[in-house]
Amino acid sequence: MINWIQLEPAIVPSKPFDKYGCWSGSATILPGNKPVILYTGITAKRPKPGYQVQNYAIPANYSDPFLKEWVKPDDNPIVKPTYENVSSFRDPTTAWFNNGHWKMIVGSKHNHRGIAYLYRSRDFVKWTKAKHTLHDKSDTGMWECPDFYPVSTCGTNGMETSTLEGGIKHVLKVSLDATRFEYYTIGTYNTVKDKYVPDNTSVDCWAGLRYDYGNFYASKTFFDPSQNRRILWGWANESSTALEDITKGWAGIQLIPRMIWLHPSGKQLVQWPIHELESLRGDRLYQNDVTLSKGEMLEVNGITVAQADVEVTFTFSSLDEAEIFDPQWSKLPPENLAMEICGIKGTKQGGLGPFGVLTLASKKLEEYTPVFFRVFRTWDNKHKILMCSDATPSSLNQDVYKPSFGGFVDVDLAKKKLSLRILIDHSVVESFGEGGMTVITSRVYPTLAVGRNVHLHLFNNGTETITVEKMNVWSMSSPHDLFLNSKLNQKPFDNPKNFHHRRCFDTLLPPPFRRKHRTFCRLRRRLRRLHFLLEAICRQLSRKRNGMSFVLEVPVNLFGCQQSQHNLVSYSRKQRCLFSMSAKLNTPSIQSLDEKHLAHSNAVVLPIMVNSCMGKMGQAVVEAGVSAGLHIVPASFGIQKDAGKTIQVGGKDIQVHGPSDREATLASILEEYPNLIVVDFTVPNAVNDNAKLYCNAGVPFVMGTTGGDRDLLYKTVDDTKLYAVISPQMGKQVVAFLAAMEIMAKQFPGAFSGYTLEVTESHQATKLDTSGTAKAVISCFQELGVAFDLDQIQLIRDPKQQIETLGVPEEHLNGHAFHTYRLKSPDGTVSFEFQHNVCGRSIYAEGAIDAALFLSKKIQSKADKKIYDMIDVLREGSMR
Ligand SMILES: NC(=O)C1=CN([C@@H]2O[C@H](COP(=O)(O)OP(=O)(O)OC[C@H]3O[C@@H](n4cnc5c(N)ncnc54)[C@H](O)[C@@H]3O)[C@@H](O)[C@H]2O)C=CC1
Ligand SMILES: O=C(O)C1=N[C@H](C(=O)O)C[C@H](O)C1
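Just so we're clear, the structure is a prediction, and the values are computed from it rather than from any experiment. (Residues numbered from 1 in each chain as written. Chains lettered and ligands numbered in written order. Predicted model: local features only at pLDDT ≥ 70, side-chain atom pairs only at ≥ 80, totals over all residues. Heavy atoms only, no water.)

### With respect to the sheet that holds strand β42 (residues 756–763)
Backbone-to-backbone hydrogen bonds pair the strands of a sheet. The strands run either parallel or antiparallel. Spatial ordering of the open sheet is given by β43-β42-β44-β45, a layout of four strands whose pairing is mixed. Strands at the two margins of the open sheet, each flanked by one partner only, are β43 (794–796) and β45 (831–839). On average, adjacent strands in this sheet sit at an angle of 10° to one another, irrespective of strand direction. (Pairing = 2+ DSSP bridges. Helix = DSSP H or I, 4+ residues; strand = E, 2+ residues; numbered from the N terminus. Axes fitted to C-alpha atoms, helices over the stretch in contact; angles between N-to-C directions.)

Written out as structure tokens, the structure is:
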């Protein structure tokens with residue numbers, strides 16, 4: 001339920017009974033494991049929003065595991081509306097079976113009364129409307145996407161939809177068209193009367209319980225027999241403008257599926273992200289027992305947090321500081337009370353709270369989405385816990401909808417403890433308070449807090465000191481990364497991220513959509529080009545006018561694609577690496593949260609040119625640069641054969657320039673991007689010429705390419721006095737190993753004299769040279785006294801041998817670096833073995849981006865113009 005592939009639409013308008021639309025519906029599994037879909041068909045455009053009937057569809061081929069083709073029999077429609085509700089009669093539920101009949105409900109309204117019409121059938125084709133509704137309620141308007149199912153009164157197991165035995169209650173959920181929120185009640189299903197009655201603790205609609213107090217609608221649940229659980233899956237619309245949605249290419253996303261069950265109190269449901277999500281967890285950061293006094297923040301450093309899974313438990317020693325629950329608030333609309341209070345109070349200073357997490361924060365807090373608790377005391381000395389997810393400060397973009405959402409959390413505070421789990425995914429923040437008692441989803445569109453520039457803080461802005469008892473933060477990978485590579489058996493891109501952006505995904509789309517999608521991509525490319533052009537004009541104008549600035553306004557967000565959707569965003573992932581963990585306690589004043597108008601950042605996005613973006617490493621670097629929010633210059637040097645080509649990498653169009661006129665081309669690129677940094681991953685025999693080119697142009701560069709004449713390379717750069725990072729190895733942990741080797745060699749020269757050394761290195765068959773990293777490690781062993789000639793390195797390039805003797809995973813034959821160094825004492829009694837095995841290229845690509853950012857810092861601080869290596873980058877804390 002995390003990795004999905006897109007198939008052709010199962011049902012599209014094609015028959016008189018759905019000519020104008022196939023709307024929501026539900027599937028039911030009939031005996032014999034036969035699925036059937038009930039859905040709403042639109043037969044006429046009027047009355048608006050359309051004339052609605054209910055249809056059914058069955059698989060064309062039951063043995064197709066994907067059930068790709070569906071047949072809509074001609075005896076449709078099977079349920080027609082009565083005259084009064086022809087345009088408010090939709091979204092049939094999954095059917096349940098009892099007393100010899102299938103039953104299902106259809107959402108509707110009559111005047112302002114919301115209605116769940118009940119239908120019965122013996123054969124699933126002939127349906128009869130029951131004389132009474134399953135349930136209805138005055139003044140609630142249209143009930144969309146109703147859902148009706150049993151829940152167990154004991155434990156977290158789910159129940160099959162027709163289950164009536166054992167301790168059960170029933171849940172009826174409706175999506176209220178009037179508020180665009182979802183409400184549920186818990187109650188009893190009387191199977192004799194075929195009537196549902198909510199418990200007296202369950203308020204119907206409006207002021208009732210919600211699955212989610214944020215951006216969450218049109219959800220459905222289903223029973224998953226494989227794990228005996230009920231799954232809730234909801235939809236979140238965009239909060240951005242329609243124009244931006246068009247630029248992004250989507251409008252609305254499916255959220256992370258959640259398991260749902262009844263709380264032991266029987267008064268509410270509990271939700272939790274399905275455990276499969278945890279398979280995307282990457283680097284982890286753990287912290288415990290940190291106190292946050294009033295106004296303190298704890299920044300989570302050391303891992304990327306634009307896509308993250310955050311779990312925190314907060315404790316406090318007293319409830320005395322809880323703020324008074326303002327009696328005036330009881331005059332606010334009850335259905336939105338929590339939300340209104342969140343809007344009024346926000347993160348302003350309080351007593352017991354606000355404390356929580358600032359997600360998707362920009363460096364200087366110009367943007368952040370806080371998720372937090374505030375505790376209040378009511379006049380009768382009870383406590384009310386408010387949980388908020390506040391999009392108000394989430395973005396500098398004035399045009400997006402930025403609501404404050406809130407819900408009360410119905411738990412006992414005796415333990416003086418509250419927990420939060422937050423799933424962050426670029427533009428989505430899904431928060432689960434107190435183990436899923438209250439859930440809030442926000443859609444946000446930061447402009448600065450994007451990619452690598454996203455920060456995460458824990459904060460307390462209340463007078464009561466809060467302790468972070470325990471915190472776990474995981475960087476999350478993108479599901480498609482794992483899936484496309486392993487399952488689809490496509491051409492093995494060793495950096496799976498490349499696959500996403502290639503041809504805008506169109507090879508995965510069904511043919512009817514491909515053309516449209518390509519047109520969209522073409523348009524987006526053109527818009528982007530236009531944007532660069534305008535940017536260049538602005539830059540020229542402001543340069544010529546000596547500092548006066550000119551702004552050309554373009555009314556669309558041409559970089560919308562940087563904002564993300566769960567399913568499309570690829571994300572950097574470290575492979576086979578241990579990763580350091582750290583957290584730093586900052587004590588800046590949290591006043592900044594109260595001052596909503598911080599100065600805008602003056603930061604300039606760093607432009608990088610990647611040579612060659614046609615190569616495997618080049619592509620990985622472009623992807624990593626895009627993830628880090630750098631500007632990828634749309635030009636790259638390559639070989640003659642590729643000259644003139646425009647290729648798409650990381651969603652960017654990059655034009656390849658051949659060997660001729662490179663000086664002039666580079667000069668004009670530099671003119672446009674004066675703070676340009678070049679990253680070079682080409683071929684050994686290009687190293688020296690390329691370095692000369694960069695030196696002549698005076699452009700700082702990162703040289704990851706191995707081989708060539710290394711002495712000449714260093715001499716060329718030294719003579720020019722230029723900022724450069726040169727290193728045969730960019731992977732953080734391998735760099736740390738190299739650093740340790742260098743230190744050992746320096747501290748204990750000759751310590752291994754007399755020892756023999758055996759070195760094997762295995763790489764993809766296309767690698768042209770001997771491992772530069774192995775050579776660097778060997779030079780340390782040589783200083784340690786080991787006699788070894790570089791010719792003795794055993795190169796393994798045969799895929800069969802790589803799989804059979806080294807255990808290289810098949811999917812990484814095209815991109816791996818396995819190194820082994822074996823040392824033996826002269827008498828054979830002592831031996832050592834060192835090994836570093838890396839699959840894929842993302843750790844080098846991220847290291848290369850770290851190196852570019854490091855150089856940019858050096859340039860800004862006017863540090864020495866000289867050659868740095870990756871050990872310098874690591875030592876200065878510039879590696880993520
Ligand atoms: N420092 C590090 O951490 C790492 C270094 N490398 C090194 O990076 C280099 C590239 O590796 P891959 O991307 O795997 O190789 P690749 O063969 O996939 O790509 C090399 C690309 O360079 C292009 N090229 C050839 N001559 C050129 C020239 N004169 N100017 C511009 N482009 C030119 C080729 O057309 C090709 O597209 C190798 O030397 C490899 O050892 C690779 C991984 C990590
Ligand atoms: O070509 C590669 O792949 C790699 N090259 C570098 C080297 O030669 O040391 C680094 C790593 O081994 C991958």
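### Describing the site of ligand 2
Ligand 2 sits among T706, P728, Q729, H763, Q764, K767, S771, G772, T773, A817, H819 and Y844. Between ligand 2 and S771 there is a distance of 3.3 Å, counted from an oxygen atom to a side-chain nitrogen or oxygen. One of the side-chain nitrogen or oxygen atoms of T773 is found 2.5 Å away from an oxygen atom of ligand 2. The fraction of the free accessible surface of ligand 2 (320 Å²) that becomes covered by protein chains is 87%. (Near = heavy atom within 4 Å. Polar contact = N/O pair within 3.5 Å; in protein donor to acceptor, adjacent residues only side chain to side chain. Areas by Shrake-Rupley, 256 points an atom, 1.4 Å probe, with all protein chains shown as cover.)

### Quick notes on the packing of helix α7 (residues 616–627) against helix α14 (residues 842–860)
Here α7 crosses α14 at 60°, and the two axes come no closer than 8 Å. By the angle class used here, α7 and α14 are oblique. Of the two possible hands of crossing, α7 and α14 adopt the one that is right-handed. From α7, M617, A620, V621, A624 and G625 reach across to α14, where they touch Y844, A845, E846, A848 and I849. Considering only residue class, the contact of α7 with α14 consists of eight nonpolar, one polar and one charged. (Parallel < 35°, antiparallel > 145°, perpendicular 65-115°, else oblique. Left-handed = near helix turned anticlockwise from the far one by under 90°. Contact = heavy atoms within 4.5 Å. Nonpolar A, V, L, I, M, F, W, Y, C, P; charged D, E, K, R; others polar.)

### Points about the site of ligand 1
Surveying the vicinity of ligand 1 reveals 24 residues, the closest of which are M617, T682, T706, M730 and K767. Measuring from a nitrogen atom of ligand 1, one finds a backbone N or O atom of F637 at 3.5 Å. M730 is positioned such that a nitrogen or oxygen atom in its backbone is 2.8 Å from an oxygen atom of ligand 1. Its residues assigned to classes, the shell around ligand 1 comprises 10 nonpolar, 10 polar and four charged.

### Overview of the environment of Y673
In this fold, Y673 is placed in the loop between α8 (662–672) and β39 (677–680). Taking the relative accessible area as the measure of exposure, Y673 reaches 5% and is therefore buried. Linking Y673 and L606, residues 67 residues apart in sequence, is a C-alpha distance of 9.1 Å. (Buried < 20%, exposed > 50% of the residue type's maximum accessible area, 1.4 Å probe, protein only.)

### Observations concerning the confidence of the model for the protein chain
Of the residues in the protein chain, 86% reach a pLDDT of 70 or more, and the chain-wide mean stands at 87. Note on residues 594–604: pLDDT is under 50 here. Beyond four places in sequence and across chains, it has 15 contacts. The complex model carries a pTM of 0.57, and its ipTM stands at 0.99. (pLDDT = per-residue confidence, 0-100.)

### Re helix α12 (residues 772–783)
With 12 residues, α12 extends 17 Å from end C-alpha to end C-alpha; this agrees with the ideal 16 Å at 1.5 Å per step. For α12, the set of buried residues is G772, T773, A774, V777, I778, C780 and F781. The secondary structure elements touched by the buried residues of α12 are α11 (732–747), β42, β44 (816–824) and β45. The residue sitting at the N-terminus of α12 and contributing the capping side-chain oxygen is S771; that oxygen lies 3.2 Å from the backbone nitrogen of T773. Phi for G785, located one or two positions after α12, is positive at around 105°. (Expected span 1.5 Å × (residues − 1).)

### Some points on the pattern of salt bridges
Going through the model one piece at a time under the given rule, you end up with 37 salt bridges. In this structure, the salt-bridge partner of R374 is E323, at a minimum N-O distance of 3.2 Å. On the criterion of sequence distance, the pair formed by R374 in strand β25 (residues 369–377) and E323 in strand β23 (residues 323–324) is long-range, its members being 51 residues apart. Accessibility classification places R374 together with E323 in one group, the buried group. Where R452 meets D850, a salt bridge forms, and the shortest distance between an N and an O atom there is 3.0 Å. Here the residue R452 occupies a position in the loop between β30 (438–443) and β31 (455–460), and D850 occupies one in helix α14, the gap between them amounting to 398 residues. Here R452 falls in the partly exposed class, since its relative accessible area comes to 26%. On the basis of relative accessible area, D850 is assigned to the buried category, the value being 2%. One connected set of salt bridges, linked through shared partners, spans R90, E144, D177 and R180. (Salt bridge = Lys/Arg side-chain N within 4 Å of Asp/Glu carboxyl O.)

### Let's talk about the pairing of β31
Residues in a regular strand project their side chains so that they alternate between the two faces of the sheet. When you tally the buried positions in β31, you get six out of six residues, the bulk of the element. Two elements, strand β24 (residues 352–361) and β31, share five bridges in a ladder whose sense is antiparallel. Across the sheet, L358 pairs through a bridge with H457, a residue of β31.

### Overview of the state of the cysteines
For the coordinates displayed, the defined rule picks out one disulfide. Paired by a disulfide, C342 and C388 hold their sulfur atoms 1.9 Å apart. In this structure the cystine formed by C342 and C388 twists about its S-S bond by roughly -85°; its chirality is therefore left-handed. You can see C342 sitting in helix α2 (residues 337–345) and its partner C388 sitting in strand β26 (residues 383–390), a full 46 residues away along the chain. As far as burial versus exposure is concerned, C342 and C388 are alike and both buried. (Disulfide = S-S within 2.5 Å.)

### Concerning unusual backbone geometry
Among all residues except glycine, the phi angle is most often negative; among peptide bonds, the trans geometry is most common. With omega at 0°, the peptide bond leading from K48 into P49 counts as cis. Note on placement: P49 falls in the loop between β2 (34–44) and β3 (51–59). That bond from N76 to P77 is cis: its omega, -5°, falls within 30 degrees of zero. Tracing the backbone shows P77 in the loop between β4 (70–71) and β5 (89–90). Not every positive phi belongs to a glycine, and D661 is a case in point at roughly 60°. With respect to the helices and strands, the residue D661 is situated in the loop between β38 (652–657) and α8.

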